[in-house]
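Spelled out, the chains give:
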Amino acid sequence: MHSPLRLTLDTAALQHNWRWLAERSGVACGAAIKANAYGLGAPEALKALHAAGCRDFFVTTWDEAGRLGAVPEDAALSVLHGVGSGDLAAALASSAKPVLNSVEQVGRWKAEGQGRPCDVMVDTGMNRLGVSVDEAAALAPRIRTENHGITLLISHLACAEQPEHALNQRQIELFREVRLLYRGIPGSLANSSGIFLGNSAHCDMVRPGAALFGVNPTPGRRNPMQPVVQLQARVVQVRNVPKGDTIGYNATWTAKHAARIAVAAVGYADGYPRAASASDTTPGSDAIVADTRCPLAGRVSMDLLAVDVTALAENAVRRGDLITLIGGMIGVDDLAAAAETIGYEVLVNLGRRYHRVYRDS
Ligand SMILES: *Cc1c(COP(=O)(O)O)cnc(C)c1O
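*Asks:* Provide a residue-level description of helix α6 (residues 103-112), including the pertinent values.
*Replies:* Here α6 has its buried residues at Gln105, Val106, Arg108 and Trp109. Angularly, the buried residues of α6 cover 160° about the axis, an arc narrow enough to put them on a single face. Turned more than 90 degrees away from the buried face of α6, the exposed residues are Glu104 and Ala111. Residues of α6 that are buried sit in contact with α5 (88-93), β6 (97-100), β7 (118-123) and α7 (133-145). Count one or two residues on from α6 and you reach Gln114, which has phi positive near 50°.

Now the structure itself:
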């Protein structure tokens with residue numbers, strides 16, 4: 001029983017999702033592949049997305065940029081956390097460009113970067129990273145006269161997945177005003193959900209991440225993206241549980257009738273969320289066993305979880321069978337909802353224990 005856990009990434013679906021978002025936005029389409037491409041493998045994601053036509057990639061740190069290895073010559077890689085004093089050596093040794101996040105970083109790159117390319121992040125309302133709108137305005141006259149190296153002006157939306165939220169229009173408008181001061185420098189505002197806010201959010205480039213990997217960028221509406229991730233685990237034991245017995249830690253799930261339980265070798269150490277556990281009072285997530293959606297039973301433990309397969313025929317599931325935790329009827333967002341989190345968090349938590357398969361469907 002080799003590789004008890006299997007994570008399958010559908011590269012064709014990933015490429016389809018990128019093309020679809022690029023077409024929908026009608027402008028250049030980059031890709032956020034930070035956090036190891038949301039847990040799925042940044043080198044493989046970059047290769048597949050580059051083959052689909054993507055030329056602009058975003059990671060978080062210089063370490064992530066380094067792990068990515070050589071980036072194709074016709075592609076650009078941006079490092080979102082910019083260049084702190086401790087990052088300067090790594091930044092100067094890298095072919096990637098920093099996303100400058102403060103006036104201090106702009107000064108540092110001006111002094112040390114020798115006119116090499118950089119991006120600038122402007123904070124239009126997230127209040128996280130970036131020069132303020134006022135700072136951006138104050139810098140603009142200098143930028144117009146100096147050899148500044150700025151290749152992209154970036155801002156980031158705080159509420160893009162809530163299209164009705166007033167902050168979206170405010171950020172779109174503020175960014176439009178800043179861009180007027182930086183004429184000739186391309187601008188980028190929209191993440192995955194931002195692409196669905198319409199043309200005014202698209203600017204010159206969009207930067208989806210999660211939607212590329214199948215997370216729904218339009219929560220509450222039908223997911224327009226193709227699923228990319230399938231998570232499967234092996235059944236290590238099938239057991240009969242008499243009525244009234246409990247299952248797992250803290251005995252939170254009681255068999256209301258004689259039950260058959262499949263125990264699978266996957267748990268929270270593998271990034272499967274413990275919050276997706278099932279109890280007598282709260283249903284958890286589900287698993288697909290022998291093509292049938294079956295509920296979890298009891299707490300998800302570190303390396304194991306239990307699935308109630310009573311509804312299946314006696315021999316429908318055996319030791320060694322693969323069950324599906326993400327895939328088919330169970331989307332990343334479904335598991336996230338069961339665990340009261342978001343698809344992003346589910347994806348990035350998927351651990352390294354998996355045997356990863358990149359499949360071209
Ligand atoms: C993560 C990130 C993105 C991509 O966001 P998604 O919501 O995953 O599409 C884009 N821009 C910045 C600055 C980011 O940090």
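*Asks:* Please give an account of the layout of surface pockets that cites residues and values.
*Replies:* Volume-wise, the largest pocket comes out at about 820 Å³. Lining the largest pocket are 39 residues, and of these Lys34, Tyr38, His156, Asn191 and Tyr344 lie nearest its centre. When residues of the lining of the largest pocket are traced back to their parent elements, those giving at least two are α2 (34-38), β7, α9 (332-338) and α10 (343-349). Looking at which element gives the most residues to the lining of the largest pocket, the answer is α9, with four residues. The volume enclosed by the second largest pocket comes to roughly 350 Å³.

*Asks:* Any chance you could break down the packing of aromatic side chains for me, citing the residues and the numbers?
*Replies:* For the structure on display, the rule yields three aromatic pairs. Through pairs of rings, three or more aromatic residues link up here, namely Tyr38, Phe213 and Tyr344.

*Asks:* Could you give an account of unusual backbone geometry, naming the residues involved and the relevant values?
*Replies:* Positive phi values are uncommon outside glycine, yet Asn127 reaches one of about 55°. Inspection of the secondary structure assignment puts Asn127 in the loop between β7 and β8 (131-132).

*Asks:* Any details on the pattern of salt bridges? Residues and values, ideally.
*Replies:* Per the stated rule, a full pass over the model turns up nine salt bridges. Here Asp204 ties to Arg179 by a salt bridge, and the two come within 2.8 Å at their closest N and O atoms. Placement of the pair is Asp204 in the loop between β10 (187-188) and β11 (205-206) and Arg179 in helix α8 (residues 166-181), with a sequence separation of 25 residues. Given a relative accessible area of 23%, Arg179 falls into the partly exposed group. Taken together, the shared-partner salt bridges in this structure form one network comprising Asp270, Asp303 and Arg353.

*Asks:* How would you sum up empty space enclosed by the protein? Please name residues and give values.
*Replies:* Tallied over the full model, the rule gives two cavities of 30 Å³ or more. Of the voids in this model, the largest cavity is the one considered here, and its volume is about 60 Å³. If you trace the largest cavity, you find it lined by Leu9, Thr11, Leu14, Leu40, Gly41, Glu44, Ala45, Phe213, Val228 and Tyr358. Sorting the residues of the lining of the largest cavity by element identifies α1 (11-25) and α3 (42-52) as the ones contributing at least two each. Across the lining of the largest cavity, the residue classes tally to seven nonpolar, two polar and one charged. Taken as a whole, the second largest cavity spans an internal volume of roughly 30 Å³. Forming the walls of the second largest cavity are Ala160, Glu161, Pro163, Ser193, Phe196, Leu197, Pro217, Thr218 and Arg221. Across the lining of the second largest cavity, the residue classes break down as five nonpolar, two polar and two charged.

*Asks:* Lay out the site of the ligand in plain terms, naming residues and giving numbers.
*Replies:* Inspection of the region around the ligand gives 14 residues, with Lys34, Tyr38, Ser192, Ala210 and Tyr344 positioned closest. His156 is positioned such that a nitrogen or oxygen atom in its side chain is 3.4 Å from a nitrogen atom of the ligand. Between Ala210 and the ligand, the recorded distance is 2.8 Å, taken from a backbone N or O atom to an oxygen atom. When the free accessible area of the ligand is taken as 390 Å², the share hidden by the protein chains comes to 94%.

The rules behind each value
- Residues numbered from 1 in each chain as written.
- Predicted model: local features only at pLDDT ≥ 70, side-chain atom pairs only at ≥ 80, totals over all residues.
- Heavy atoms only, no water.
- Buried < 20%, exposed > 50% of the residue type's maximum accessible area, 1.4 Å probe, protein only.
- Helix = DSSP H or I, 4+ residues; strand = E, 2+ residues; numbered from the N terminus.
- Arc of directions from axis to C-beta.
- Contact = heavy atoms within 4.5 Å.
- 1 Å grid on protein atoms, 1.4 Å probe; cavity = no way out; pocket = protein on both sides within 12 Å on 5 of 7 lines; lining within 4 Å.
- Points joined across faces, edges and corners; volume = space filled by probe spheres on them.
- Phe/Tyr/Trp six-rings, centres within 6.5 Å; stacked < 30°, edge-to-face > 60°.
- Salt bridge = Lys/Arg side-chain N within 4 Å of Asp/Glu carboxyl O.
- Nonpolar A, V, L, I, M, F, W, Y, C, P; charged D, E, K, R; others polar.
- Near = heavy atom within 4 Å.
- Polar contact = N/O pair within 3.5 Å; in protein donor to acceptor, adjacent residues only side chain to side chain.
- Areas by Shrake-Rupley, 256 points an atom, 1.4 Å probe, with all protein chains shown as cover.

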